[in-house]
Amino acid sequence: MAYLIAILCVVGIATGQILFKLSAEGMHRAGNVFDKRSLIVLFFALALYGVTTLAWVWVLQKIELGRAYPLMALAFVLVPIGSYFIFAERFNMYYIVGVAVIMLGILLTIKA
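Residues numbered from 1 in each chain as written. Predicted model: local features only at pLDDT ≥ 70, side-chain atom pairs only at ≥ 80, totals over all residues. Heavy atoms only, no water.

## Topic: the overall build of the protein chain
Our working rule: Starting at the N terminus, helices and strands are each numbered in turn, a helix being any DSSP run of H or I of at least four residues and a strand any DSSP run of E of at least two. Residues are treated as being in contact if the distance between any of their heavy atoms lies within 4.5 Å. What sets the accessible areas is the Shrake-Rupley method with a 1.4 Å probe; for residues, cover comes only from the shown protein chains.
Each helix and strand in the protein chain was counted, giving five helices and zero strands. Secondary structure elements of the protein chain occur, N-terminal to C-terminal, as α-α-α-α-α. With respect to the principal axes defined by its C-alpha atoms, the protein chain has extents near 50 × 35 × 15 Å. Here the contacts in the protein chain between residues at least 6 apart in sequence split such that 72% fall between residues at least 24 apart. As displayed, the protein chain offers around 7,600 Å² of accessible surface, 73% of which is attributable to carbon and sulfur atoms.

Following this line, the structure appears as structure tokens:
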């Protein structure tokens, strides 16, 4: 159960990053950091980070930090996937190889 919550924390962190980017783009388009819609998105991103942090503290009560923390590297995989689909960002082959190496590293540390 703790590992499932840890994965949900990573998904929450990645989602928060996407929301931060959406907020930043909205502020840029509006030309104003006080754009109402952008601030609402920013609020949700911060709230998600807060809930995720509390859940992560619970995870750390159940799992050793050295075992749980490598899962956070999944955010380096999830955020680019999200940015590809939501922002139409493109990545070159070096980036894709780097993400594959991160995934390999996660698998190795979990099996250790």
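Alright, that's what it looks like, and here's the rest.
## Quick word on the side chain of S38
Among the structural elements, S38 can be located in helix α2 (residues 36-62). In this structure S38 touches S23, G26 and M27, once residues within four positions along its chain are discounted.

## Considering unusual backbone geometry
What counts, and what does not: A 1.4 Å probe rolled over the protein chains alone gives each residue an accessible area, and that area as a share of the maximum for its type sets the label: buried under 20%, exposed over 50%, partly exposed in between.
Unusually for a residue other than glycine, A88 sits at a positive phi of about 55°. Accessibility expressed as a relative area gives 48% for A88, which makes it partly exposed.

## Describing the nonpolar core
Cut-off, in case you're wondering: The definition of a nonpolar core used throughout is a set of buried Ala, Val, Leu, Ile, Met, Phe, Trp, Tyr and Cys residues joined through side-chain atoms within 4.5 Å.
Formed by 14 residues in total, the largest nonpolar core has its most connected members in V10, W56, V59 and M72. Looking at this core, the elements with two or more residues in it are α1 (2-30) and α2. Beyond its immediate stretch of four places on either side in the chain, V59 contacts A2, I5, A6 and A68.

## What about the packing of α1 against α2?
To keep things clear, this is the line we draw: To get an axis, a line is fitted to the C-alpha atoms, and for a helix only the part in contact is used. The angle between two axes follows their N-to-C directions and goes from 0 to 180 degrees. Note that the term roughly parallel is reserved for angles under 35 degrees, roughly antiparallel for angles over 145, roughly perpendicular for angles of 65 to 115, and oblique for everything else. Two helices that cross are described as forming a left-handed crossing if the nearer one is turned anticlockwise from the farther one by less than a right angle, and a right-handed crossing if clockwise. Under the scheme applied, nonpolar residues are Ala, Val, Leu, Ile, Met, Phe, Trp, Tyr, Cys and Pro; charged residues are Asp, Glu, Lys and Arg; polar residues are all the others, including Gly.
Running from amino to carboxyl end, α1 crosses α2 at an angle of 160°, the nearest separation of the two axes being 8 Å. By the angle between their directions, the pair α1 and α2 is classed as roughly antiparallel. You can see that α1 and α2 cross each other, and the crossing is left-handed. The class makeup of the residues in the contact of α1 with α2 is 21 nonpolar, eight polar and one charged.

## Some remarks on the UniProt feature "transmembrane region" (unreviewed entry) in the protein chain
Note the cut-off: UniProt positions are given in the numbering used here, feature names are shortened, and annotations may be inferred rather than shown by experiment.
Those places that UniProt annotates as "transmembrane region" (unreviewed entry) correspond, in this numbering, to residues 40-61, 68-87 and 93-110. When the span residues 68-87 is considered, its composition is 70% helix and 0% strand, and the gap between its end C-alpha atoms is 30 Å.

## With respect to the UniProt feature "domain: EamA" (unreviewed entry) in the protein chain
Per the UniProt annotation, the sites labelled "domain: EamA" (unreviewed entry) are residues 33-110. In residues 33-110, the share of helix is 79% and the share of strand is 0%. The end C-alpha atoms are 41 Å apart.

## Observations concerning the pattern of salt bridges
Where we set the bar: Whenever a carboxyl oxygen of Asp or Glu lies within 4 Å of a side-chain nitrogen of Lys or Arg, that contact is scored as a salt bridge.
If you walk through the whole model with that rule in mind, you get one salt bridge. A salt bridge links E25 to K21, with the shortest nitrogen-to-oxygen separation between them at 4.0 Å. A residue pair is termed a helical-turn pair when its members lie 3 or 4 positions apart in one helix, as E25 and K21 do in helix α1 at four residues. Looking at E25, the relative accessible area reads 28%, which means it is partly exposed.

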